[in-house]
Amino acid sequence: MVAHELDLSEVPDLGVGGHRTTTAEQGRFVGARCDCGWRGPARRARSRARSDAQEHQGDPAVR
Ligand SMILES: [Zn+2]
């Protein structure tokens, strides 16, 4: 977990509602992650992790 650093000179491209998601490989699996601390379930396919991330960005309240 990387600490958040606020640098106004370099504003990241935030998704809807300020949730920026990435996918991270975890061994043979791929999981979605978000800057808010949310993590999606481990998936075998990156495309599934991506769809998890998109769902989270669309409705961040669902964990
Ligand atoms: Zn989030």
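That block above? That's the structure.
Quick look at the structure, then. Predicted, not measured: the structure shown is a model, and the values here were computed from it.

### Brief notes about helix H1 (residues 46-58)
Residues spaced three or four apart along an α-helix face the same direction, because each turn holds 3.6 residues. The end-to-end C-alpha distance of H1 is 18 Å, a good match for the 18 Å that 13 residues give at a rise of 1.5 Å each. Among the residues of H1, Ala-49, Asp-52, Ala-53 and His-56 are the ones counted as buried. Projected onto a plane normal to the axis of H1, the buried residues spread over an arc of 100° and lie on a single side. Opposite the buried face of H1, at more than 90 degrees from it, the exposed residues are Ser-47, Gln-54, Glu-55 and Gly-58. Buried residues in H1 make contact with strand S1 (21-26) and strand S2 (29-34).

### Side note on the pairing of S2
Direction of pairing for S1 relative to S2: antiparallel, over a ladder of 6 bridges. Bridging from a neighbouring strand, Thr-21 pairs with Cys-34 of S2. Between the antiparallel neighbours S1 and S2 lie 2 residues, among them Gly-27 with a positive phi of about 65°.

Cut-off values and rules
Residues numbered from 1 in each chain as written. Predicted model: local features only at pLDDT ≥ 70, side-chain atom pairs only at ≥ 80, totals over all residues. Heavy atoms only, no water. Helix = DSSP H or I, 4+ residues; strand = E, 2+ residues; numbered from the N terminus. Expected span 1.5 Å × (residues − 1). Buried < 20%, exposed > 50% of the residue type's maximum accessible area, 1.4 Å probe, protein only. Arc of directions from axis to C-beta. Contact = heavy atoms within 4.5 Å. Pairing = 2+ DSSP bridges.

Honestly, it's all geometry; don't read function into it.
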